[in-house]
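# Structural features, examined
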Amino acid sequence: MKTGLKFLLVLAIITACTDNDDVTPRSLSNIDTRGLDRYINVARLLIQQQEPTAVEWDSLFATPYFDIIINEQKISTREAEQEDMRLVYKKASHSLEEKEQHSHHFNYKSSLDDLEHYSKEVQAGAVIPKLRDYLWPYLPTRLQSESLIPSIVYTYYIGEEANALPDMILQDALLAYKIDSYAKGILTAHEAFHSITTKSLAQRMKVDLADDDPANYLMTEITGIAQEGIADLIDKDVLGQPQSPVYDLVQLYMTDE
């Protein structure tokens, strides 16, 4: 995905996160692998040189990531996403430029079997106990409740990214699979910290500021810095070890900071 599109999606996610103060407890049974499962289904059809039906495409594009970029934010189109997947999965050979431009799709293509197995693993609840182990020490007792963790979404995503939205933890399934194979639950714990504490703070402060109020921007930035500093204590030491599958990514992240 192009840099501009990536920036717009991240901006949309940040905006969404600052506009919601709903702290209604949620059921942790809501582990959502539809984005991953339906992506795999479409990919396998294309590999077999079969064109997915309109219903199968619709099913994929109704999942959270695609719904955000196509229907909600309109920063991509159904046709563009279809074209990308057909190129990667249906075309017999590819140029170096195509492989570089669509590298994330190609990474998925080489991992479909592993990701299919991973989907079943997370649906069975394998991640949840480990998530609690990582997350609870960084939350006050009143927030140590599984019901406060929003829907955990595993999906093809913008890249190796994860974000805490108001009503979901939206994470790239391939990134989650790599990290969970090394330190199960730690990525989701980091994002869950953001989601839970953001909602709690909004409820307790009860501050109603206009979106264009400079004080609103300042409060959002200060809160974000404070949150990230604590959330990074959950995962960066573990994922920053040389044996970590995302060691290079963490080093890049820390350098950008």
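Residue positions are counted from 1 within each chain, in the order its sequence is given. Local features in a predicted model are, by the rule used here, given only for residues with pLDDT of at least 70; side-chain atom pairs are given and counted only at 80 or more, and totals for whole chains, interfaces and linings are based on all residues. The side-chain figures draw on all heavy atoms in the structure; neither hydrogens nor water molecules are used.

Further remarks concern the overall build of the protein chain. A run of H or I in DSSP becomes a helix once it reaches four residues, and a run of E becomes a strand once it reaches two; helices and strands are each numbered from the N terminus. On a plain count of helices and strands, the protein chain comes out with 13 helices and 4 strands. Residue exposure (1.4 Å probe, protein chains only): buried if accessible area is under 20% of the type maximum, exposed if over 50%, otherwise partly exposed. Sorting the 257 residues of the protein chain into buried and exposed places 43% on the buried side. Whether two residues are in contact is decided by their heavy atoms, any of which lying within 4.5 Å being enough. A sequence separation of at least 24 residues applies to 65% of the contacts in the protein chain between residues at least 6 apart. About 13,100 Å² of surface is accessible on the protein chain, with carbon and sulfur atoms providing 52% of the total. Accessible surface is estimated by sampling points in the Shrake-Rupley manner with a 1.4 Å probe; for residues, cover comes only from the protein chains shown.

The predicted coordinates ought not to be read in detail in places where the model reports low pLDDT. With 87% of its residues at a pLDDT of 70 or more, the protein chain has an overall mean of 87. Ignoring residues within four places in sequence, the model shows residues 1-8, a span with pLDDT below 50, making 10 contacts including any to other chains. In the predicted structure, residues 10-28 sits below a pLDDT of 50 and forms 33 contacts with residues beyond four places in sequence or in another chain. Values of pLDDT, which run from 0 to 100, indicate the predictor's confidence residue by residue.

Helix axes are fitted only over the stretch in contact, all axes being lines through C-alpha atoms; the angle between N-to-C directions runs from 0 to 180 degrees. Taken N-terminus to C-terminus, the directions of helix α9 (residues 128-135) and helix α11 (residues 186-205) make an angle of 60°; their axes are 8 Å apart at the nearest point. Put simply, α9 runs oblique to α11. Crossing hand, α9 versus α11: right-handed. Residue-level contacts link L131, Y134 and L135 of α9 to I186, T188, A189, A192, F193 and I196 of α11. Under the scheme applied, nonpolar residues are Ala, Val, Leu, Ile, Met, Phe, Trp, Tyr, Cys and Pro; charged residues are Asp, Glu, Lys and Arg; polar residues are all the others, including Gly. Each residue belonging to the contact of α9 with α11 can be placed in one class, and the counts come to 8 nonpolar, 1 polar and no charged. Oblique is the label for any angle not covered by the other classes, which are roughly parallel (under 35 degrees), roughly antiparallel (over 145) and roughly perpendicular (65 to 115). Crossings are classed by handedness, with left-handed meaning an anticlockwise turn of the near helix from the far one by less than a right angle and right-handed meaning a clockwise turn.

The subject of this paragraph is a nonpolar patch on the surface. Nonpolar side chains collect at one region of the surface, where Y138, I230 and L233 lie side by side and expose about 260 Å² of accessible area between them. Its place among the elements puts Y138 in the loop between α9 and β2 (151-155). A patch consists of residues whose relative accessible area exceeds 30% and which take part in no salt bridge; residues with like charges are grouped when within 9 Å of each other, and nonpolar side chains (Val, Leu, Ile, Met, Phe, Trp, Tyr) when within 5 Å. In what follows, salt bridge is the name for a side-chain nitrogen of Lys or Arg lying within 4 Å of a carboxyl oxygen of Asp or Glu.

Right, let's get into the packing of α11 against helix α12 (residues 214-239). It is the contact of α11 with α12, at a shortest axis distance of 9 Å, that shows an interaxial angle of 155°. By the angle between their axes, α11 is roughly antiparallel relative to α12. Considering how the two elements wind past one another, α11 and α12 form a crossing that is right-handed. Where α11 abuts α12, its residues I186, A189, H190, F193, H194, T197, T198, L201 and M205 lie against M219, T223, Q227, E228, I230, A231, D232, I234, D235, K236, V238 and L239. Class assignment of the residues belonging to the contact of α11 with α12 gives a composition of 11 nonpolar, 6 polar and 4 charged.

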